[in-house]
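Residue-level structure breakdown
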Amino acid sequence: MNLMWCDQDICEDSIRERVVGEGNSMEFDGPATGQVCYTWDGDSKTVTKPQTVLLLVKRGDSTLLKVAADVVMELTKTNDLTIYLAPDLCAKLKHYYGVDHDEKIQLFEPSPVPGFGGNHVELDDEFMGTPWDYTACNPNPDLVCTLGGDGLLMHASMMFQGNCPPILCVAGGSLGFLTRFSRDEMAEAILISLGLQKNLEPERETNPTEIRPSYKEQFKNSISKFSLGIGSRICISMRMRLDVRVINREGVVRARFNVLNEVSIDRGASPYLANLECFVDDIHLTTVQADGIIFATPTGSTAYSMAAGGSVVHPAVPGILITPVCPHVLSFRSMVFPDSVVLRCYVPDDARADASVAFDGRYRRTLHRGDSIQIQMSNYPVPTVNRVDHSADWLHSLKENFNFNARARQKPT
């Protein structure tokens, strides 16, 4: 007996399933996912490659602007680092704090990725438009540091529609579900993430046969000293994105985006319910008659999808969530599909009105009768640096931001 992974077109050798023994018994080699980490080869002093960091700061916050100025001056004073800044941010740092750009502080212009964007996007859009000079666009930095809220991470995801560098999220917004680093830790976290400073957190002995929560002591709400990762290993969450395409009735792709949270189809300004026909791998799933429907990633499961009654999913789970928005039926509930499926929704010709689609809340466009949305797993994830590991960070955010399952403890009898 031979096991294979197959889709409608090709078959490949099985990755995690195997046949053992004479009785053709089938087993798993291991779990489908795990904690992803990275290390720098050799001692941190031997890292000679020029290190580049793109710094993104939430707009309209003078306090964060001062934090950014202090960090830029600290990082460029003694370290062989090149800091990339957006032109408007660089101008503000120079005007208010005297931080002038030189060989260590350079302007950053994002480069649009061919094939992404749409015919409804303005030509001068900062991410999806056409740059005047492709030669002026910078190569991807080694690390992106966001100083703001979760929305700034969405902003960074839109900036890198193709390969995305690791992103270190520093809290500076209101909620901060995905921002596990404080402002005081910002400079040190950048240096450790790039291998320019040793992490003082000692290695932990692990026993693969022992069943227990990993790094149990770090589940505490307060950590006495700054720590990043596990010893020399930096843990990252490989946050899945959705490759979303808008296709007209002639089969022409009119728009394409990689979204980190969700793509939402709704009725827009129409007074009528959205009418959609949805398919999973070309098998009819359901007819949607609702205010809308959300297709979310595990990262997006704690955003719009959760507000609409969807399940909360660990970011390492390889799945796609479907959550209806105010369906006009009692039996339509949120569903989770594996990341291998291809989903498709189209507006039928007998629909009362057109629909509307938004990609991570941006670039909204109309779906006319006959238009369809194709959704599948993107090959380009967004890696985010963990404070501890993907489970500890996620559970801490659930408890800290959403008061997950918070209740007065029952007294003993």
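A few points on the structure. Treat the numbers as computed from the prediction; the structure is a model and nothing was measured. (Residues numbered from 1 in each chain as written. Predicted model: local features only at pLDDT ≥ 70, side-chain atom pairs only at ≥ 80, totals over all residues. Heavy atoms only, no water.)

Quick word on the packing of aromatic side chains
- Taken as a whole and assessed by the stated rule, the structure comprises seven aromatic pairs.
- Summarising the aromatic geometry, the rings of F177 and F402 are spaced 5.2 Å apart at their centres and angled 25° between planes, so their arrangement reads as stacked. Residue F177 is found in the loop between β11 (167-171) and α4 (186-193), and its partner F402 is found in helix α6 (residues 390-402); the two are separated by 225 residues along the sequence.
- Of the residues examined, F177 reaches a relative accessible area of 6% and is grouped as buried.
- Owing to a relative accessible area of 28%, F402 belongs among the partly exposed residues under this scheme.
- An aromatic cluster is present here, built from Y84, F108 and F160 joined pairwise through their rings.
- The side chain of R16 reaches across the aromatic face of F28, ending 4.0 Å from its centre.
- Just above the ring of F279 sits the side chain of R344; from NZ or CZ to the centre is 4.7 Å. (Phe/Tyr/Trp six-rings, centres within 6.5 Å; stacked < 30°, edge-to-face > 60°. Helix = DSSP H or I, 4+ residues; strand = E, 2+ residues; numbered from the N terminus. Buried < 20%, exposed > 50% of the residue type's maximum accessible area, 1.4 Å probe, protein only. Lys NZ or Arg CZ within 6 Å of the ring centre and 35° of its normal.)

Focus: helix α2 (residues 87-97)
- The set of residues buried in α2 consists of L89, C90 and L93. Viewed along the axis of α2, the buried residues span an arc of 100°, placing them on a single side of the element. Opposite the buried face of α2, by more than 90 degrees, sit the exposed residues H95 and Y96.
- The secondary structure elements touched by the buried residues of α2 are β6 (51-57), α1 (62-78), β7 (81-85) and β8 (105-107).
- Within two residues after α2, G98 carries a phi angle of roughly 70°, on the positive side. (Arc of directions from axis to C-beta. Contact = heavy atoms within 4.5 Å.)

Regarding a negative patch on the surface
- There is a patch of like negative charges on the surface, built from D7, D9, E12, D13 and D281.
- Along the polypeptide, D9 turns up in the loop between β1 (4-6) and β2 (11-13).
- Judged by relative accessible area, which is 72%, D9 ranks as exposed. (Patch = residues over 30% accessible without salt bridge, like charges linked within 9 Å, V, L, I, M, F, W, Y side chains within 5 Å. Areas by Shrake-Rupley, 256 points an atom, 1.4 Å probe, with all protein chains shown as cover. Salt bridge = Lys/Arg side-chain N within 4 Å of Asp/Glu carboxyl O. Lys, Arg positive; Asp, Glu negative; His and termini not counted. Charge placed at Lys NZ, Arg CZ, Asp CG, Glu CD.)

Some remarks on the nonpolar core
- L55 and M186 are the most contacted members of the largest nonpolar core, which has 38 residues in total.
- Elements with a contribution of two residues or more to this core: β6, α1, β7, α2, β10 (143-148), β11, α4 and β12 (234-239).
- With eight residues, the top contributor of residues to this core is α1.
- Not counting the four nearest positions on each side in its chain, M186 is found in contact with L55, V67, V71, C145, L147 and V170.
- Core analysis: the next-biggest nonpolar cluster, separate from the first, contains 34 residues, M158, V259, I322 and F359 among them. (Core = buried A, V, L, I, M, F, W, Y, C linked by side-chain atoms within 4.5 Å.)

Some remarks on the environment of S397
- When you line up the elements, S397 lands in helix α6.
- For the pair formed by S397 and L178, sequence separation is 219 residues and the distance between their alpha carbons is 7.4 Å.
- Setting aside residues up to four positions removed in sequence, S397 forms contacts with F177, R180 and F402.

Looking at the side chain of R180
- Relative to the helices and strands, R180 is located in the loop between β11 and α4.
- Note on R180: relative accessible area 14%, which makes it buried.
- Apart from the residues within four sequence positions on either side, R180 is in contact with C169, E185, R387, D393, H396 and S397.

Let's talk about the side chain of D266
- Within the secondary structure, D266 is located in strand β15 (residues 262-266).
- Of the residues examined, D266 reaches a relative accessible area of 16% and is grouped as buried.
- Polar contacts involving the side chain of D266 include one to the side chain of R364, which spans 3.1 Å.
- Not counting the four nearest positions on each side in its chain, D266 is found in contact with A274, D291, G292, A355, S356 and R364. (Polar contact = N/O pair within 3.5 Å; in protein donor to acceptor, adjacent residues only side chain to side chain.)

So, the environment of P324
- Along the chain, P324 turns up in strand β18 (residues 319-327).
- Along the chain, P324 and S305 lie 19 residues apart, while their C-alpha atoms are 8.5 Å from each other.
- Among residues more than four places away in sequence, those in contact with P324 are G292, I293, A308, F332, R333 and S334.

Observations concerning the pattern of salt bridges
- Taken as a whole and assessed by the stated rule, the structure comprises 14 salt bridges.
- A salt bridge links R59 to D88, with the nearest nitrogen and oxygen atoms 3.4 Å apart. Remark: D88 occurs in helix α2 and R59 occurs in the loop between β6 and α1; sequence separation between them is 29 residues.
- Residue class for R59 comes out exposed when judged on its relative accessible area of 59%.
- By relative accessible area, which is 32% here, D88 ends up partly exposed.
- Residues R387 and E185 are paired through a salt bridge, measuring 3.3 Å at the closest nitrogen-oxygen approach.

What about the state of the cysteines?
- Across all of its chains, the model carries two disulfides by this definition.
- Residue C6 pairs covalently with C11 via a disulfide, S to S 2.0 Å. Looking along the S-S bond of the C6-C11 disulfide, the torsion reads about 115°, which is the right-handed sense.
- The disulfide partner of C278 is C345, and the gap between their sulfur atoms is 2.2 Å. Measuring the twist about the S-S bond at about 100°, one finds the C278-C345 disulfide to be right-handed. In this pair, C278 sits in strand β16 (residues 274-280) while C345 sits in strand β20 (residues 343-346), placing the two residues 67 residues apart along the sequence. The same class applies to C278 as to C345, namely buried.
- For the protein, the disulfide bridges join cysteines in the arrangement 1-2, 3-4, where the cysteines are counted in sequence order.
- Considering cysteine sulfurs only, C235 is the nearest to C37, which forms no disulfide, with 3.4 Å between them.
- The exposure class of C37 is partly exposed, given its relative accessible area of 32%. (Disulfide = S-S within 2.5 Å.)

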